[in-house]
Amino acid sequence: QAKRIFFKKDRLEKAGIVAGIAYAVITIIQWRDLNKNFVLDQRAWVGHVDTTEFVLKIGEQPSVRHWFMNTGKTPAFDFKARMGALFLPPSENFSPQYGIRTTRIPISNAQIMPGQKTMFAPVERSPITPTALSIDALRSSRLTLYLFGEACYKDIFGGQHHTTFCEVVAPDLTNIVNCKTY
């Protein structure tokens with residue numbers, strides 16, 4: 001009888017060890033998921049929220065101010081933004097070329113606190129200089145003016161993030177609306 005109790009005890013110990021290992025594995029998986037959700041909840045979330053002060057004059061570079069906001073719970077570090085403008089006929093598909101992640105020239109570099117709305121005006125020369133013909137084509141919808149950009153930033157957890165935006169200047173040259181594809 002002593003032998004039987006010993007074997008039963010041995011089986012129970014083995015089952016307990018297997019159960020303990022399974023519990024540890026499940027706990028590790030849950031902790032990783034909890035940590036991932038914590039980082040997502042607490043990190044910086046920066047996005048483009050508005051475009052203002054758009055001015056388009058014959059023979060001059062377009063003037064525009066883009067507004068970004070951090071809706072996350074922690075600061076966004078090393079915020080860099082790059083913007084562009086492009087005239088296209090309505091029949092042509094818009095395909096933006098951002099390139100901020102491959103360029104070494106920071107167009108802007110800032111820190112954005114949670115809840116902060118920050119304005120960035122492009123400092124690089126725009127590839128477009130409006131002519132009387134191009135402005136007339138915009139007003140008559142023969143051309144479309146796209147304003148687009150990309151922003152990159154880091155969060156406090158060391159993650160690198162980016163966001164893009166695209167807008168179209170309406171034929172009245174004062175209203176700006178989001179692109180259909182964004």
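Scroll up to find the structure this text is about.
Conventions adopted
- Residues numbered from 1 in each chain as written.
- Predicted model: local features only at pLDDT ≥ 70, side-chain atom pairs only at ≥ 80, totals over all residues.
- Heavy atoms only, no water.
- Phe/Tyr/Trp six-rings, centres within 6.5 Å; stacked < 30°, edge-to-face > 60°.
- Helix = DSSP H or I, 4+ residues; strand = E, 2+ residues; numbered from the N terminus.
- Buried < 20%, exposed > 50% of the residue type's maximum accessible area, 1.4 Å probe, protein only.
- Lys NZ or Arg CZ within 6 Å of the ring centre and 35° of its normal.
- Pairing = 2+ DSSP bridges.
- Axes fitted to C-alpha atoms, helices over the stretch in contact; angles between N-to-C directions.
- Arc of directions from axis to C-beta.
- Contact = heavy atoms within 4.5 Å.
- Disulfide = S-S within 2.5 Å.

A. The arrangement of the packing of aromatic side chains in detail. Taken as a whole, this structure holds seven aromatic pairs when the rule is applied. Taking the centre distance of 4.2 Å and the plane angle of 10° together, the rings of Phe94 and Tyr146 count as stacked. With a gap of 52 residues between them, Phe94 in the loop between β3 (76-88) and β4 (110-112) and Tyr146 in strand β6 (residues 144-154) connect regions that are remote in the sequence. Look at Phe94 and you get buried, because its relative accessible area is 15%. In textbook terms, an aromatic cluster arises when at least three aromatic residues are bridged by ring pairs, as seen for Phe68, Phe79, Phe120 and Phe165. The ring of Trp45 is capped by Arg43, whose NZ or CZ atom sits 3.5 Å from the centre of that ring. The ring centre of Trp67 lies 5.5 Å from the NZ or CZ of Lys117, which sits over that ring.

B. Main features of the sheet that holds strand β1 (residues 46-55). Across the sheet, three strands lie side by side as β1-β2-β5; this open sheet has antiparallel pairing. The open sheet terminates on both sides in strands that have one partner only, identified here as β1 and β5 (117-120). Pairwise comparison of adjacent strand axes, ignoring direction, gives a mean angle of 25° for this sheet. Here β1 pairs with strand β2 (residues 63-70) via seven bridges, running antiparallel. Pairing of Thr52 across the sheet is with Arg65, part of β2.

C. Structural view of helix α2 (residues 132-139). Within the sequence span of α2, burial applies to Ser134, Ile135, Ala137 and Leu138. What you see down the axis of α2 is that its buried residues fit within an arc of 160°, all on one side. More than 90 degrees from the buried face of α2, the exposed residues found are Leu133 and Arg139. For α2, the elements touching its buried residues are β3 and β6. Ser141 occupies a position one or two residues after α2 and carries a positive phi of about 65°.

D. Looking closely at the sheet that holds β4. Read across the sheet, five strands follow the order β4-β3-β6-β7-β8 without closing on themselves; strand pairing throughout is antiparallel. Looking at which strands have only one partner, the edges of the open sheet turn out to be β4 and β8 (176-178). Averaged over all pairs of adjacent strands, the angle between strand axes in this sheet comes to 40°, irrespective of strand direction. The pairing of β3 with β4 spans two bridges and is classified as antiparallel. Among the inter-strand pairings, Ala76 is bridged to a residue of β4, identified as Ile112.

E. Inspection of the state of the cysteines at higher detail. Applying the stated criterion across every chain yields a total of one disulfide. Across the disulfide, Cys166 is cross-linked to Cys179 (sulfur-sulfur distance 1.9 Å). Here the S-S torsion is close to -55°, and the disulfide linking Cys166 with Cys179 is therefore left-handed. Separated by 13 residues along the polypeptide, Cys166 in strand β7 (residues 160-169) and Cys179 in the segment after β8 bring together distant segments of the chain. Relative accessible area serves as the criterion here: at 5%, Cys179 is assigned to the buried category.

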